[in-house]
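# Breakdown of the fold
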Amino acid sequence: MLAADRRRMILEAAVAHGSVRVIDLAAELGVSEMTIRRDLDRLADSGELAKVHGGAVVPGVRPGRGVEPRSALKAVRDTAEKRAIAVVAAGLVEDGMTVAVGAGTTTLELARLLRGRDVSVVTNSISIFHVLTDPDDADADPSGTSAVQLTGGQRTPSDALVGPVANAMLERVRCDLAFLGCHGIDPEAGFTSPNIGEAETNRRLIGSARSTVLLADHTKYGEIGAHLFARFSDVDGLVSDDGLRRPVREALAAALSLTIAPGGAA
């Protein structure tokens, strides 16, 4: 394959999905990761793509580690995987529990499954609060969820509420389980967020619960946000999808309790 054809295919994939990863492109195009990185360098030099950790994005579509993508952009990515993960997570919740649910598009899928159940939910997510309480949602259980508390605080691009108000509220609640999403998973960097306020509030969510489970699809592995909110040792489990490559699964399983949600990957 000519280099020009390969770069055209890379650009088309980036436009279609908003971002591309070096490891995925190398496997799909049958070339080395170094070759892909050189292609991305050329595309970045021409202004067609912007390089980020582990890959590249279309300028203006998906920012790098220092900026949080808007919730509406993230919600349309990898939806089957997120739903599969949410089904597994919902199975961990028993009636009568108090559950903390952090902001994120995968945790939002979990919230859809919790509506109508006999559980109490504490959340810092405007979107999750809406899903759990909206009486006009035709697709949801009309009974709603037994009790839902929204923290208050400053709103981030991912519809999370963060800052002193959110943190003060979370210091005064005690939950059975906490479910959090993340921007990135890395064996050395841990679980990270590009938003410093969201990272701090995530730490308070973890502190409010007896057990914490991270919900993250396979695309989060290898990404690193600017702000750490948990080491692997700080959480009790990770639920991901079967898009994770086997070596990655083995590495994660050696470090924490890993559950793979079946049937999510295409």
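This text follows the structure it describes.
Not measured: the values here are computed from a predicted model.

## Some words on the side chain of Thr212
With respect to the helices and strands, the residue Thr212 is situated in strand β12 (residues 209–215). Dropping the residues within four chain positions of it, Thr212 is found in contact with Ala178, Leu180, Ile206, Val235, Asp236 and Gly237.

## Some details on helix α2 (residues 22–29)
Since the α-helix advances by 3.6 residues per turn, residues separated by three or four positions end up pointing in the same direction. If you check which residues of α2 are buried, you get Val22, Leu25, Ala26 and Leu29. Looking down the long axis of α2, one finds its buried residues gathered within 100° of arc, a one-sided arrangement. Away from the buried face of α2 by more than 90 degrees, exposed residues Ala27 and Glu28 are located. Positive phi appears at Gly30, one or two residues downstream of α2, with a value of about 70°.

## Regarding the packing of α2 against helix α3 (residues 33–45)
The description of two helices packed together rests on the angle between their axes and the distance between the axes. Where α2 contacts α3, the axes come no closer than 9 Å and their chain directions differ by 115°. With respect to α3, the axis of α2 lies roughly perpendicular. For the pair α2 and α3, the sense of crossing is right-handed. For the pair α2 and α3, contact is made by Val22, Ile23, Leu25, Ala26 and Leu29 and by Glu33, Ile36, Arg37 and Leu40, respectively. Looking at the contact of α2 with α3 residue by residue, the classes come out as 7 nonpolar, no polar and 2 charged.

## Here we look at the nonpolar core
Ranked by internal contacts, the top residues of the largest apolar core, which has 27 residues, are Ile185, Phe191, Leu214, Phe229, Leu238 and Leu252. Only α8 (164–170), β9 (175–180), α9 (196–207), β12, β13 (227–230) and α10 (246–255) provide two or more residues apiece to this core. Grouped together as the second largest cluster of nonpolar side chains are 25 residues, Val93, Val101, Val121 and Leu132 included.

## Side note on the pattern of salt bridges
Using the criterion set out here, one finds 13 salt bridges in the structure. Between Arg8 and Glu12 there is a salt bridge, with its nearest N and O atoms 3.2 Å apart. You can see Arg8 and its partner Glu12 sitting in helix α1 (residues 3–17), 4 residues apart, about one turn around the helix. Looking at Arg8, the relative accessible area reads 42%, which means it is partly exposed. For Arg117, the salt bridge goes to Asp95, with nearest N and O atoms at 3.4 Å. In this pair, Arg117 sits in the loop between α6 (105–114) and β5 (120–123) while Asp95 sits in the loop between α5 (79–90) and β4 (98–101), placing the two residues 22 residues apart along the sequence. For Asp95, a relative accessible area of 55% gives the class exposed. One salt-bridge network, held together by shared partners, links Glu171, Glu200, Arg203 and Arg204.

## Things to note about the packing of α5 against α6
Put simply, α5 and α6 touch, their axes get as near as 8 Å, and they point 55° apart. By the angle between their directions, the pair α5 and α6 is classed as oblique. Here the hand of the crossing between α5 and α6 comes out right-handed. Two secondary-structure elements touch here, α5 through Lys82, Arg83, Ile85, Ala86, Val87, Ala89 and Ala90 and α6 through Thr105, Thr106, Glu109, Leu110 and Leu113. Class assignment for the residues of the contact of α5 with α6 results in 7 nonpolar, 2 polar and 3 charged.

Criteria and cut-off values
Residues numbered from 1 in each chain as written. Predicted model: local features only at pLDDT ≥ 70, side-chain atom pairs only at ≥ 80, totals over all residues. Heavy atoms only, no water. Helix = DSSP H or I, 4+ residues; strand = E, 2+ residues; numbered from the N terminus. Contact = heavy atoms within 4.5 Å. Buried < 20%, exposed > 50% of the residue type's maximum accessible area, 1.4 Å probe, protein only. Arc of directions from axis to C-beta. Axes fitted to C-alpha atoms, helices over the stretch in contact; angles between N-to-C directions. Parallel < 35°, antiparallel > 145°, perpendicular 65-115°, else oblique. Left-handed = near helix turned anticlockwise from the far one by under 90°. Nonpolar A, V, L, I, M, F, W, Y, C, P; charged D, E, K, R; others polar. Core = buried A, V, L, I, M, F, W, Y, C linked by side-chain atoms within 4.5 Å. Salt bridge = Lys/Arg side-chain N within 4 Å of Asp/Glu carboxyl O.

Scope: geometric values only; no functional claims are made or implied.
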